[in-house]
Amino acid sequence: MKFLDKQTLWIEPEMIVDLGCELPQIEYNRFYGKFYRYFYAINSDIEYKYCGAIRKVNILEKSCKIWHEEGCYTSEAIFIQNPECQTVKRKQKKILIEL
């Protein structure tokens, strides 16, 4: 990715992680149309040990963290506002995942 000028961005495909990611999600209310560092997805590699696990993918470092629990398959990540953090300075989101 590179900026050609202040209004034009050039994007080329690249490998971020070498594992399948389905239903990728970002926090759209905050990052739609903007740069973001992380997305969440479901691991879709059926041959991988933790198929159906949720992944947090870091697109800058090209790495990911995986959450899994034996016998569970996750849904897509859904971002919700943390009701305890109402001020703009302390806004935090939580991720809701169905099992």
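Just so we're clear, the structure is a prediction, and the values are computed from it rather than from any experiment.

Conventions and cut-offs
Residues numbered from 1 in each chain as written. Predicted model: local features only at pLDDT ≥ 70, side-chain atom pairs only at ≥ 80, totals over all residues. Heavy atoms only, no water. Pairing = 2+ DSSP bridges. Helix = DSSP H or I, 4+ residues; strand = E, 2+ residues; numbered from the N terminus. Axes fitted to C-alpha atoms, helices over the stretch in contact; angles between N-to-C directions. Patch = residues over 30% accessible without salt bridge, like charges linked within 9 Å, V, L, I, M, F, W, Y side chains within 5 Å. Areas by Shrake-Rupley, 256 points an atom, 1.4 Å probe, with all protein chains shown as cover. Salt bridge = Lys/Arg side-chain N within 4 Å of Asp/Glu carboxyl O. Buried < 20%, exposed > 50% of the residue type's maximum accessible area, 1.4 Å probe, protein only. Contact = heavy atoms within 4.5 Å. Core = buried A, V, L, I, M, F, W, Y, C linked by side-chain atoms within 4.5 Å. Phe/Tyr/Trp six-rings, centres within 6.5 Å; stacked < 30°, edge-to-face > 60°. Lys NZ or Arg CZ within 6 Å of the ring centre and 35° of its normal. pLDDT = per-residue confidence, 0-100.

A. Inspection of the sheet that holds strand 4 (residues 38-43) at higher detail. Read from one edge of the open sheet, four strands run 3-4-5-6, paired in antiparallel fashion. Edge positions in the open sheet fall to strand 3 (21-25) and strand 6 (63-67), since each of these has one partner strand only. Neighbouring strand axes in the sheet, compared pairwise and without regard to direction, differ in orientation by 30° on average. As judged from the five bridges shared by strand 4 and strand 5 (residues 54-58), these two strands associate in the antiparallel manner. Bridge pairing in strand 5 places F39 opposite V57.

B. Representation of a nonpolar patch on the surface within the structure. Side chains of F3, L9 and I11 sit close together on the surface and give an oily, nonpolar patch of about 340 Å² of accessible area. The class for L9 is partly exposed, based on a relative accessible area of 37%.

C. Layout of the side chain of Q25. Here Q25 shows up in strand 3. If we skip the residues at most four places from it in the chain, Q25 touches F39, Y40, E76, A77 and F79.

D. Structural detail: the pattern of salt bridges. Under the counting rule described, the total for this entry stands at two salt bridges. A salt bridge links E14 to K62, with the nearest nitrogen and oxygen atoms 2.6 Å apart. With E14 in the loop between strand 2 (8-10) and strand 3 and K62 in the loop between strand 5 and strand 6, the pair connects residues that are 48 residues apart, well separated along the chain.

E. Looking closely at the nonpolar core. With five residues, the main nonpolar core is built from V17, I26, F39, A41 and V57. Not counting the four nearest positions on each side in its chain, V17 is found in contact with V57, K62, S63 and C64.

F. Looking closely at the packing of aromatic side chains. With the rule as written, the count across this model stands at one aromatic pair. Here the basic side chain of K56 rests over the ring of Y38, its NZ or CZ set 4.3 Å away from the ring centre.

G. Spatial organisation of the confidence of the model for the protein chain. Overall, the prediction assigns the protein chain a mean pLDDT of 79, with 81% of residues at 70 or greater. The lowest-confidence element of the protein chain is strand 8 (residues 93-96), averaging 61 in pLDDT; the highest-confidence one is strand 5, averaging 90.

H. Representation of unusual backbone geometry in the model. Despite not being glycine, L23 shows a phi value in the positive range, around 55°. Judged by relative accessible area, which is 43%, L23 ranks as partly exposed. You will see that K62, though not glycine, has its phi angle at about 55°, which is positive.

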